[in-house]
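What follows is each chain in one-letter form.
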Amino acid sequence: METVDPLFLEETIRRHGLGDDLHRPKCSSCAKLAFRCRSCGDFLECSTCCVERHQRSPLHFLQTWRNGSWERTTLRELHLVYQVGHQGGPCPHPDTSLRTMTLLHSTGVHTVPFRYCDCSRADGLHKWQQLLRTGWYPATTRQPQTCATLEVLDLFRRLKTMATVNVRDFVSVLESTTNPYETEWTPDRYKAFARIARQWGFLKRVRRAGVGHNPGGLAGAKPGDLIVECWACPHLGVNLPVGWEAVAEKYRYVLFFFSFLS
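Since we're looking at a predicted model, the values are computed, not measured. Here, residues in each chain are numbered from 1, in the same order as that chain's written sequence. In view of the model being predicted, local features appear only for residues whose pLDDT reaches at least 70, and side-chain atom pairs are presented and counted only at 80 or more, with totals across whole chains, interfaces and linings using the full set of residues. For the side-chain quantities, the full set of heavy atoms in the structure was used; hydrogens and water were omitted.

> Would you take a moment to explain the side chain of glutamine 83 for this structure?
The residue glutamine 83 is located in strand β4 (residues 82–83) in this model. Any two residues having at least one pair of non-hydrogen atoms within 4.5 Å are treated as being in contact. Once residues lying within four places of it in the same chain are set aside, the contact partners of glutamine 83 are Gly88, Gly89, Cys91, Pro94, Arg115, Tyr116 and Cys117. Helix and strand definitions here come from DSSP, where helices need a minimum of 4 consecutive H or I residues and strands a minimum of 2 consecutive E residues; each element is numbered from the N-terminal end.

Here's what the structure looks like:
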């Protein structure tokens with residue numbers, strides 16, 4: 001029976017430990033307590049360096065080396081506060097209220113402390129508009145506390161189309177990714193994500209149909225504007241050759257056949 005080289009097993013075990021940092025599990029910059037982010041790489045950092053580097057990437061889970069093993073932790077526990085409206089960068093006049101958002105992302109379900117932008121960049125914008133411009137789709141427009149990233153919505157749409165994955169199973173995978181051993185409480189956002197996914201699917205169809213560029217916008221859309229014509233059917237000026245009418249009727253099926261192949 002064919003077996004796997006034992007070195008493969010040893011290397012996978014090594015990745016669950018300290019690897020090259022076995023004798024010095026400290027930050028490579030300041031020699032403090034080590035953290036690592038598997039989404040970014042296997043290098044070690046202290047909490048200060050880690051928070052500073054993740055200021056624009058708040059949807060990563062971290063690990064910290066404690067008592068001889070890696071323990072899961074979050075950027076929230078390291079007091080990272082994300083600044084909406086500036087992609088995590090500094091805002092000259094941030095909102096004074098510190099809020100918390102439950103975010104569904106491809107890496108799991110996150111709880112992210114954040115502040116809205118209150119400077120000139122956000123002048124006249126609704127709160128939910130600031131979230132959308134950040135790439136977070138809100139579950140409601142009134143004091144949103146749950147969002148799904150556009151990345152995870154696109155991922156679900158592909159899985160639903162190609163692998164017939166339903167909302168319940170998809171959200172369960174995100175919850176299991178966040179807390180695989182179910183030792184901690186994970187927010188249940190199944191209904192919110194189902195509602196967001198339906199809206200996102202509709203918006204994708206509207207955008208691909210070009211309705212958003214119509215003078216009347218979505219409100220001026222007419223019945224049938226979102227229909228996708230069958231590419232295999234013969235259409236004048238699209239996949240039928242010039243002078244097809246002159247072909248004898250008993251041979252026209254050949255034109256239709258080749259238009260289907262093309």
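> What is the right way to look at the pairing of strand β2 (residues 61–66) in this model?
In summary, the side chains of a regular strand alternate between the two faces of the sheet. As judged from the two bridges shared by strand β1 (residues 35–36) and β2, these two strands associate in the antiparallel manner. Paired with phenylalanine 35 across the strands is threonine 64, a residue of β2. In this description, strands pair whenever DSSP reports at least two bridges between them. Across six bridges, the pairing between β2 and strand β3 (residues 69–74) is antiparallel. Bridge pairing in β3 places threonine 64 opposite glutamate 71. Counting the residues between successive antiparallel strands, the hairpin from β2 to β3 contains two residues, one of them, asparagine 67, with a positive phi of roughly 55°.

> Teacher, can you tell me more about empty space enclosed by the protein here?
Rolled over the atoms, a probe with the dimensions of a water molecule shows which regions are left empty. Here a cavity denotes grid points, spaced 1 Å and computed from the protein atoms alone, that fit a 1.4 Å probe unable to get out, and a pocket denotes an open set having protein on both sides within 12 Å along at least 5 of 7 lines; residues with an atom within 4 Å of a point are the lining. Grid points are joined across faces, edges and corners, and a volume is the space filled by probe spheres set on the points. Within this structure, the stated rule accounts for one cavity of 30 Å³ or more. Considering only enclosed or pocket space, the largest cavity measures out at about 40 Å³ in volume. Lining the largest cavity we find Leu153, Phe156, Arg157, Lys160, Ala197, Trp200 and Gly201. Elements that contribute at least two residues to the lining of the largest cavity include exactly α4 (150–163) and α6 (190–208). Tallying contributions element by element places α4 first for the lining of the largest cavity, with four residues. We call Asp, Glu, Lys and Arg charged. Ala, Val, Leu, Ile, Met, Phe, Trp, Tyr, Cys and Pro are nonpolar, and the rest, Gly among them, are polar. Grouping the amino acids of the lining of the largest cavity by side-chain chemistry returns four nonpolar, one polar and two charged.

> Even after reading the chapter, I still don't get a nonpolar patch on the surface, so can you show me in this structure?
A grouping of Phe202, Leu203, Leu218 and Leu226 is seen on the molecular surface, where their side chains present a nonpolar patch of about 310 Å² in accessible area. Looking at the element boundaries, phenylalanine 202 is found in helix α6. Residues with no salt bridge and a relative accessible area higher than 30% make up the patches, which join like charges within 9 Å and nonpolar side chains (Val, Leu, Ile, Met, Phe, Trp, Tyr) within 5 Å. Computed with a 1.4 Å probe, the accessible areas rest on the Shrake-Rupley method; for each residue, only the protein chains presented here act as cover. By definition, a salt bridge exists where a carboxyl oxygen of Asp or Glu is found within 4 Å of a side-chain nitrogen of Lys or Arg.

> Would you take a moment to explain the pattern of salt bridges for this structure?
Oppositely charged side chains can pair when the atoms bearing their charge come close. Tallied over the entire structure, the rule returns five salt bridges. A salt bridge links arginine 66 to glutamate 71, with the nearest nitrogen and oxygen atoms 2.7 Å apart. Relative accessible area decides the class of each residue, using a 1.4 Å probe on protein chains only: under 20% of the type maximum gives buried, over 50% gives exposed, and in between gives partly exposed. Judged by its relative accessible area of 36%, arginine 66 falls in the partly exposed class. Residue glutamate 71 is classed as partly exposed on the basis of its relative accessible area, which comes to 30%. The shortest N-O distance in the salt bridge between glutamate 175 and arginine 168 comes to 3.8 Å. Judged by relative accessible area, which is 31%, arginine 168 ranks as partly exposed.

> What am I meant to see in the sheet that holds strand β7 (residues 136–138) here?
Paired through their backbone hydrogen bonds, the strands of a sheet run either parallel or antiparallel. In space, the five strands of this open sheet follow the order β4-β6-β5-β8-β7, with mixed pairing throughout. Each edge of the open sheet carries a strand with a single partner, namely β4 and β7. As defined by bridge partners, β7 adjoins strand β8 (residues 146–149) across three bridges and the pair is classed as antiparallel. Bridging across to β8, proline 138 finds its partner in cysteine 147. For helices, the fitted line uses only the C-alpha atoms of the stretch in contact; every axis is such a line through C-alpha atoms, and the angle between N-to-C directions lies from 0 to 180 degrees. Running over the sheet, helix α5 (residues 167–178) touches β5 (99–105) and β6 (108–115) and is turned about 75° from β6. Where α6 meets the sheet, its contacts fall on β5, β7 and β8, and the angle it forms with β7 comes to roughly 110°.

> Could you clarify how one ought to interpret the environment of valine 211 in this entry?
As for its placement among the helices and strands, valine 211 is situated in the loop between α6 and α7 (252–261). Once the C-alpha coordinates of valine 211 and histidine 105 are considered, the two residues, 106 residues apart in sequence, prove to be 28 Å apart. With sequence-adjacent residues up to four places away left out, valine 211 is seen in contact with Val206, Gly217, Leu218, Ala221, Asp225 and Leu226.

> Help me out: how do you make sense of the side chain of threonine 134 in this one?
Inspection of the secondary structure puts threonine 134 in helix α3 (residues 127–134). Only 2.8 Å separates the side chain of threonine 134 from the backbone oxygen of glutamine 130, close enough to count as a polar contact. Distance and chemistry together define a polar contact, namely a pair of N or O atoms within 3.5 Å, with one atom able to donate a hydrogen and the other to accept it when in protein, and with adjacent residues in sequence counting only for side-chain atoms on both sides.

> For this particular structure, what's the right way to read the packing of α4 against α6?
Two quantities define a packed helix pair, namely the angle between the helix axes and the distance between the axes. Axis separation between α4 and α6 bottoms out at 10 Å; the angle between their running directions is 80°. Relative to α6, the element α4 lies roughly perpendicular. From α4, Leu150, Val152, Leu153, Asp154, Phe156 and Arg157 reach across to α6, where they touch Phe193, Ile196, Ala197, Trp200, Gly201, Lys204, Arg205 and Arg208. Looking at the contact of α4 with α6 residue by residue, the class counts come to eight nonpolar, one polar and five charged. Convention used here: angles under 35 degrees read as roughly parallel, angles over 145 as roughly antiparallel, angles from 65 to 115 as roughly perpendicular, and any remaining angle as oblique.

That's the geometry; what it means functionally is another story.
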